[in-house]
Amino acid sequence: MKPLHSVARLKFFLCFLVWVLSPLQVFAHHTVLQGRDCFNRWGSDTALWVCGHQQISSDNNAHLAARIQALVVRLPDAVVVVDPGATYRQGRALARDLVRVFPAQRYWIVNSRAQADHVMGSDGLRKGLLRRGIPANRIGVLSGAVTQGLMSQRCPDCLQRLRRELGMRDMRGTEILIPLAASFTTPLEGDSSSGLVFSLTRELAFSEDLLVRHASGQWRWLGVLVDDRIPDLQHGSARDRLKFLKAVEADTQARWLFGSFGEVQQTQLAAQIQYFELLLNAASATLEGGADSIAALAALRKVQAWPLPLSDSEKRTHELNLQRLVRQAEEALF
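This report concerns the structure included in the present document.

Across all of its chains, the model carries eleven salt bridges by this definition. The salt bridge partner of Asp97 is Arg100, with a shortest N-O separation of 2.5 Å. You can see Asp97 and its partner Arg100 sitting in helix α3 (residues 88-101), three residues apart, about one turn around the helix. Arg100 sits in the partly exposed class, given a relative accessible area of 40%. Salt-bridge contacts for Lys246 lead to Glu277; the nearest nitrogen and oxygen are separated by 2.7 Å. Placement of the pair is Lys246 in helix α8 (residues 238-250) and Glu277 in helix α9 (residues 266-288), with a sequence separation of 31 residues. What makes Lys246 partly exposed here is its relative accessible area of 37%. On the basis of relative accessible area, Glu277 is assigned to the partly exposed category, the value being 29%. Taken together, the shared-partner salt bridges connect Arg106, Arg138 and Glu189 into one network.

As structure tokens, then:
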């Protein structure tokens, strides 16, 4: 009978935890896995680290730090890590896996955009590498100049927000690490073969997004600009975003496409192209027909631009996309 009583006590304890903790606390729990299987590989020198797990939304569809997968690229004499995640714990766990699976004498930590779930793990990663014997002068932390400036302005507020949403336990030790501004016009030290090509973009989504491709054309890393979910226009231009997506689709050299959320399939890319094409065409036709912005927005809401059902958070993203798209279409027309 003792095993049955133990099971009953365990069930009672778990139910008590769910009752005591708020829904946000229950769903925001942060766990970190480790091991060689934490790296999804493309070729011998490129991987995504997939073992940082945390989520902020109870419906699993809001802004999820869990989905950010750090890009890891082995260069001839260095290792580059793009977007190590949102917390100190995540950065430290990534450091342990890196040193074991991708050992190097120099590491570059690159922040692609000024968004907390991409960059707040940088300090933990740096400290984790220091703890494993990598000298401070062999660890560089870089971003574009706009990203650096926005991080200086916004990271204190972002840190407070994450502490509220994830809780102090999961955010323990997380500190702000402001990167050095870089133009990325020359190869990084340790990349004697010029294996990586970085580009800083504006007007596609965020104030500044950094993209990466392999110099030989084997792969392209697209950050957040292509996803398996409805696209988020954020602060970008819908026409510029569509032009970018079509250029990616036309790139026949790249064997693989991947980004902040994992590998990008051609079907995902095609769905995002269709989304912007349908909405841009509908907005232009409606406004050219004499409709005002309110009527144009109402017309766009009727367009079935995304092939899949939308979650509540995706519906909010879609509505914001429509508002921005109508405003941009008006500006282009008048």
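On to the sheet that holds strand β7 (residues 107-110). Picture the strands of a sheet paired through backbone hydrogen bonds; they go either parallel or antiparallel. Taken together, seven strands build an open sheet; the order of strands is β2-β3-β5-β6-β7-β8-β9 and the sheet is mixed. Strands at the two margins of the open sheet, each flanked by one partner only, are β2 (39-42) and β9 (180-181). Where strand β5 (residues 70-74) and strand β6 (residues 79-82) come together, four bridges link them in antiparallel fashion. Of the residues in β6, the one forming a bridge with Leu71 is Val82.

Here the focus is helix α6 (residues 145-166). Each α-helix turn comprises 3.6 residues. Residues three or four places apart therefore point the same way. At Arg154, α6 shows its maximal kink, close to 50°; a proline, Pro156, follows between one and four residues later. Among all positions of α6, only Thr147, Leu150, Met151, Cys155, Cys158, Leu159, Leu162 and Leu166 are buried. Lining the buried residues of α6 we find α4 (116-119), β8 (139-143) and α7 (168-171). Where α6 terminates, the next one or two residues include Gly167, which has phi positive at roughly 95°.

For the structure on display, the rule yields one disulfide. At a sulfur-sulfur separation of 2.0 Å, the disulfide partner of Cys38 is Cys51. Around the S-S axis, the bridge from Cys38 to Cys51 shows a dihedral of about -95° and counts as left-handed. Of this pair, Cys38 sits in the loop between β1 (31-32) and β2 while Cys51 is found in the loop between β3 (46-49) and β4 (52-53), placing the two residues 13 residues apart along the sequence. Here Cys155 stays free of any disulfide, with the sulfur of Cys158 as its closest cysteine sulfur at 5.6 Å. Relative accessible area serves as the criterion here: at 4%, Cys155 is assigned to the buried category. The buried category is assigned to Cys158, whose relative accessible area is 17%.

Before going further, it helps to examine the packing of α9 against helix α10 (residues 293-300). Across the interface, α9 lies against α10 with an axial gap of 9 Å and an inter-helix angle of 145°. Between α9 and α10 lies a crossing of right-handed hand. Listed contacts from α10 to Leu279, Ala282, Ala283, Thr286 and Leu287 of α9 are Ala295, Ala296, Ala299 and Leu300. Classifying every residue of the contact of α9 with α10 by side-chain character gives eight nonpolar, one polar and no charged.

Phi angles above zero are rare outside glycine, and Asp83 is one such case at about 60°. In this fold, Asp83 is placed in the loop between β6 and α3. Of the residues examined, Asp83 reaches a relative accessible area of 1% and is grouped as buried.

Parameters and conventions
- In this convention, every chain numbers its residues from 1, walking through the sequence in written order.
- Local features are withheld for residues below a pLDDT of 70 in this predicted model, meaning they are given only at 70 or higher, and side-chain atom pairs are given and counted only at 80 or more; totals for whole chains, interfaces and linings count all residues.
- Calculation of side-chain values draws on the structure's entire complement of heavy atoms; hydrogens and water are dropped beforehand.
- By salt bridge we mean one thing: a side-chain nitrogen of Lys or Arg within 4 Å of a carboxyl oxygen of Asp or Glu.
- Under the DSSP-based scheme used, a helix requires at least four consecutive residues in state H or I and a strand at least two consecutive residues in state E, with every element numbered from the N terminus.
- Relative accessibility under 20% of the residue-type maximum defines a buried residue, over 50% an exposed one, and the middle range a partly exposed one, all with a 1.4 Å probe and only protein chains included.
- Note on pairing: DSSP must find at least two bridges between two strands before they are called paired.
- The seven residues ending at a residue and the seven starting there each receive a fitted axis; the angle between those axes is the bend at that residue.
- Contacts between residues were defined by any pair of non-hydrogen atoms, one from each residue, lying within 4.5 Å.
- Here, a disulfide means two cysteine sulfur atoms that sit within 2.5 Å of each other.
- What counts as an axis is a line fitted to C-alpha atoms, over the stretch in contact for a helix, and the angles between N-to-C directions run from 0 to 180 degrees.
- The crossing is said to be left-handed when, going from far helix to near helix, the turn is anticlockwise and less than a right angle, and right-handed when the turn is clockwise.
- Put simply, Ala, Val, Leu, Ile, Met, Phe, Trp, Tyr, Cys and Pro go in the nonpolar bin, Asp, Glu, Lys and Arg in the charged bin, and everything else, Gly too, in the polar bin.

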